[in-house]
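Listed below are the residues making up each chain.
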Amino acid sequence: MEKRVVFRSSWLPYALIAPQMAITLVFFFWPASQALWQSMLLQDAFAAKTQFVWFDNFKDLFADPRYLASFRVTAVFSTLVTVLGLTLSLLLAAFADRVVRFGAVYKTLLIWPYAVATAVAAILFVFLLNPTIGVVSLLLHAMGVDWNYLINPTHAMILVVIAAVWKQISYNFLFFLAGLQAIPKSLLEAAAIDGAGPARRFWTIVFPLLSPTTFFLVVVNIVYAFFDTFGIIDASTSGGPVQATTTLVFKVYQDGTQAMDLGSSAAQSVILMAIVVTLTVVQFRFIERKVQY
Amino acid sequence: MVEHRPWRALSGHLVLLLGIAVVVLPIYVAFVASTLTFDQVTTVPMPMTPGTQLVKNYGDVIAHGSTLGSRAPVGRMLWNSFVMAMLIAVGKIAISILSAFAIVYFRFPLRRTCFWLIFVTLMLPVEVRIFPTYKVVADLGLIDTYAGLTLPLIASATATFLFRQFFMTIPDELAEAARIDGAGPMRFFWDVVLPLSRTSIAALFVIMFVYGWNQYLWPLLVTTREDMYTVVIGIKRMIAGGDQATEWQLVMATAMMALLPPVAVVVLMQRLFVRGLVETEK
Amino acid sequence: MAKLAFRDVRKSYGAHEVIHGITTDVDDGEFVVIVGPSGCGKSTLLRMVAGLEEISAGEIVIGDRVVNRLEPKDRDIAMVFQNYALYPHMSVFENMAYGLKIRGFAKDDIKARVDRAAGILELAPLLERRPRQLSGGQRQRVAMGRAIVREPAAFLFDEPLSNLDAKLRVQMRFEIQKMHRQTGTTSLYVTHDQVEAMTLAHRMIVMNAGRAEQIGAPMEVYANPATQFVAGFIGSPAMNFLPGKGAGAGRVALDAGGIVMHASGTVDTGKSVVVGIRPEHLAPCSAADAAITGSVELVEQLGADTLAHVSHGGAMVVARLPGGSMPDVGTTLTLAPDPARVYLFDAATGARIAT
């Protein structure tokens, strides 16, 4: 789609687009190309010698059990966050769509966790689930669970998943609710007349019609779990115990700030970029809301 | 729905109330903790009703941080967070609306190239290019500055595409009428495009303010001085090593203040927020 | 106020020419309607006058200036759009005042002009409203008001009534005529609706596929269409076209049977022609005099007259009969035209064959 009307000026459009182009080039393309270049360099610790090594950094990474472990952690983490987050929010949205009274109040009460920073969300749960003084931990101890996320890897994973899901539920809820409300009521009435009960209506009509929303949210949640949850992990478990919650993004950060291996860190960045690009392409391919030029 | 059975409505309300209770619980506990004394908060179990230290705890952290952990005053951090959120929100909107205007209303060489260069930035969040970007910012001497804190986050395509999409819905005849009325491009921009974009701008502002306020990884890297910390990264620095050293009542007071502004924005401008959220995800 | 002139005006997109040289003059104060089917180039031509489309070749003159290189704002024209193009965030007053404000008119002068235009268009009570609070007809009046206040050399109308319902269209036609009478401003009016063209125009330009097929006063175009296209486009119900061949002086033998008498001189025997007869020029006659004989397939009673659709050799011929007549469907009808009002067109070129 193009505008029929155009203004003519030889310099004005460039002046208008210059700020964005400048920032994009300096803070985006320059660093991204640096990452690509550095991912193929090998530097010694004092940066005295630099050697071009092609894809050796990538080969080393995929031979490194610790890197592969962080891949596994990320996979488990993002699967849990996506599945739990979508299930719970779909449940809430389905009920919110059904109630007539106080619908707006429920909506307001459910959307605000979106506005809480990931790191702050993590701190809230660190406090709730603190092994010695946490309110919820006491309940767990009383039930005979020896809860301690500081030393138990499974507990640590549970903690970060809960914090991540808690924050993301409102986002999923809003999109599911909008999706549900877009389903014509006449369809459900027709199904009811055909004799389908509420559960059957949900699985045979509502859920299929909701699938574009669901697919969109799956991609968004995976991206969220991969990249936006750095704050949760850094502010709660710091990747521990023994790497049990070290996701790919957290590892890039850790290696970049501590290990001083720039080539490896850059290679990790490049792998992350490839993952985001893939996810974005998938999203654009399968969702009809493509950006059209 | 079709059937009218009282128990179904009731079960709906129950599920929703349960959901809300779970969502609210962490905040409630945090709020209670932020009103207690150090001794109360470390008691096992902690009291579950608000104490009397609200004013003292909040006042203390605003003025001079915690005593055992970081001593950076939270008041300064809140200001930094506010400046960062405002600069990111206003900056993104300003550069995006201008570039979208150029792309939609002008034909110029390299237009397509510019469009695609901006489009590609949609794909890469700051987290994945974090160290190379850090190096650029460091080379430019922008560590510990507001510019360094915000500029790399302003480079994003979302807002540009939102505005572009909106501009496409403005009828061509409006621009033609303005040309015949004697308005040049910038006059048309100020008198017609900008007023018509008010809702989009407001919706985007809500989203971007929250986004800016809640940044974590980037401020963690580019701020080294306490007086440049934002509140979100300041909280973590208050949690000292062992449990005994952490003044949870102060950490929770800070957490409450860190989450209140963006939550207030979202709740008060709920309609704009929902609209912005849905539109930026197109 | 001013004259307008088109001198071999052409428009092309790349190598593709869409307007193939239009030449005509528009007199000071004249109301000229450009009419044609969609895609014929009529809107493009108007937009070239406005300066919204570039002129590929030829010249357009407004007053005594060639305006080819001038910006729209410098051409001293005002335009009324099909979708009104009112600024949604401005009041009616602000919409009308905007062009004057940009041109730096004094506040008092702006107010006086807007009030005068509001008086002409009966918009005075609506000046503080926003466009979305107005009906379609009111919006179009505001759009016209925006044109009037500028007191330009020419008004350009781009299908201004197409978004309105039928009843409102009739009323707005009247409003436009009234406005033109009061202002006397040279006007160019684009429409695809031949009724609008017939009722509003002093002169009309009938366009087809980027060419002006005929330029003339409405009744002249109706009575003497220059081409088969014009003949078919102007007049409602549309003219009947029947293929035939020359059969001696004043006679054409229709391919579907029957002989039509005409007053267009001699057509070479055997030459292919198209005979054009308007429904209103067909009348029932005796079987011996009949040019067209066929069975009635459909009867439409419109009150004042009755349209009879008669099957003639596979084609349908429409005859407009007096309101009272009511032929039964299935009966045979014999019809003949007034020879003076039979039009002949060259079957190959569509050009009128006249003596």
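(A) Molecular detail of the overall build of chain B. Within chain B one finds 15 helices and 0 strands. Relative to its length of 282 residues, chain B is extended, with a C-alpha radius of gyration of 24 Å against a globular reference of 19 Å. For chain B, the spread of C-alpha atoms along the three principal axes comes to 75 × 65 × 30 Å. Relative to its 282 residues, chain B shows a buried fraction of 59%. Contacts in chain B between residues at least 24 apart in sequence constitute 72% of all its contacts with a sequence separation of at least 6. As presented, chain B carries roughly 10,500 Å² of accessible surface, and 69% of it is formed by carbon and sulfur atoms.

(B) Seen up close, the interface of chain B and chain A. On the chain A side, the residues contacting the 118 residues of chain B number 94 residues. Between chain B and chain A, roughly 10,000 Å² of surface is buried when both sides are summed, and carbon and sulfur atoms account for 76% of that area. Counting across the chain B and chain A interface gives 1 salt bridge. In this structure, the salt-bridge partner of Asp234(A) is Lys236(B), at a minimum N-O distance of 3.6 Å. At the boundary of chain B and chain A, one finds 11 residue pairs in polar contact (both at pLDDT 80 or more). In terms of residue count, helix α1 (residues 6-33) of chain B provides more of the side of chain B that touches chain A than any other element does, 19 residues in total. Considered class by class, the residues forming the side of chain B that touches chain A number 88 nonpolar, 14 polar and 16 charged.

(C) Geometry of the confidence of the model for chain C. Per-residue pLDDT for chain C averages 91, and the proportion of residues at 70 or more is 99%. Taken over the whole predicted complex, pTM reads 0.85, whereas the ipTM for its chain interfaces reads 0.88.

(D) Up close: the sheet that holds strand β2 (residues 16-26) of chain C. All names here are of chain C. Here 4 strands make up an open sheet; going across it, the order is β2-β1-β4-β5 and the pairing antiparallel. A strand with exactly one partner marks an edge of an open sheet, and here the two such strands are β2 and β5 (65-66). Bridge count between strand β1 (residues 4-13) and strand β4 (residues 57-62): 5 bridges; the pairing is antiparallel. Of the residues in β4, the one forming a bridge with Ala5 is Val61. With respect to the sheet, helix α1 (residues 42-50) is in contact with β1, β2 and β4, its orientation differing from that of β1 by roughly 115 degrees.

(E) Geometry of the pattern of salt bridges. Under the defined criterion, the tally for this structure stands at 30 salt bridges over all chains. Of the charged contacts in the structure, one is a salt bridge between Arg47(C) and Glu176(B), with a shortest N-O distance of 2.5 Å. One end of the pair, Arg47(C), is in helix α1; the other, Glu176(B), is in helix α9 (residues 172-181), on a second chain. Between Arg10(C) and Asp8(C) there is a salt bridge, with the nearest N and O atoms lying 3.4 Å from each other. Classification of Arg10(C) by relative accessible area gives partly exposed; the value is 25%. Each member of the salt-bridge network shares a partner with another, and the members are Arg8(A), Arg179(B), Glu54(C) and Glu71(C).

(F) Spotlight on unusual backbone geometry. Geometrically, the link from Ser236(C) to Pro237(C) is a cis peptide bond, its omega value of -5 degrees lying close to zero. Here Pro237(C) is to be found in the loop between α8 (228-233) and β11 (240-246). Although it is not a glycine, Ser238(A) adopts a positive phi angle of roughly 50 degrees. Position of Ser238(A) relative to the elements: it lies in the loop between α11 (230-236) and α12 (248-259). Residue classification places Ser238(A) among the partly exposed residues on the basis of a relative accessible area of 35%.

(G) Structural detail: empty space enclosed by the protein. Scanning the entire structure with this criterion turns up 4 cavities of 30 Å³ or more. Estimates place the volume of the second largest cavity at around 70 Å³. Lining the second largest cavity are Ala177(B), Ile180(B), Asp181(B), Ala78(C), Met79(C), Phe81(C), Ala143(C), Arg146(C), Ala147(C) and Arg150(C). For the lining of the second largest cavity, the secondary structure elements donating two or more residues are α9 of chain B together with β6 (77-80) and α4 (136-149) of chain C. Among the residues making up the lining of the second largest cavity, the classes are represented as 7 nonpolar, no polar and 3 charged.

Calculation notes
- Residues numbered from 1 in each chain as written.
- Chains lettered and ligands numbered in written order.
- Predicted model: local features only at pLDDT ≥ 70, side-chain atom pairs only at ≥ 80, totals over all residues.
- Heavy atoms only, no water.
- Helix = DSSP H or I, 4+ residues; strand = E, 2+ residues; numbered from the N terminus.
- Rg over C-alpha atoms; globule rule 2.2 N^0.38 Å.
- Buried < 20%, exposed > 50% of the residue type's maximum accessible area, 1.4 Å probe, protein only.
- Contact = heavy atoms within 4.5 Å.
- Areas by Shrake-Rupley, 256 points an atom, 1.4 Å probe, with all protein chains shown as cover.
- Buried area = accessible area lost by both parts, 1.4 Å probe.
- Salt bridge = Lys/Arg side-chain N within 4 Å of Asp/Glu carboxyl O.
- Polar contact = N/O pair within 3.5 Å; in protein donor to acceptor, adjacent residues only side chain to side chain.
- Nonpolar A, V, L, I, M, F, W, Y, C, P; charged D, E, K, R; others polar.
- pLDDT = per-residue confidence, 0-100.
- Pairing = 2+ DSSP bridges.
- Axes fitted to C-alpha atoms, helices over the stretch in contact; angles between N-to-C directions.
- 1 Å grid on protein atoms, 1.4 Å probe; cavity = no way out; pocket = protein on both sides within 12 Å on 5 of 7 lines; lining within 4 Å.
- Points joined across faces, edges and corners; volume = space filled by probe spheres on them.

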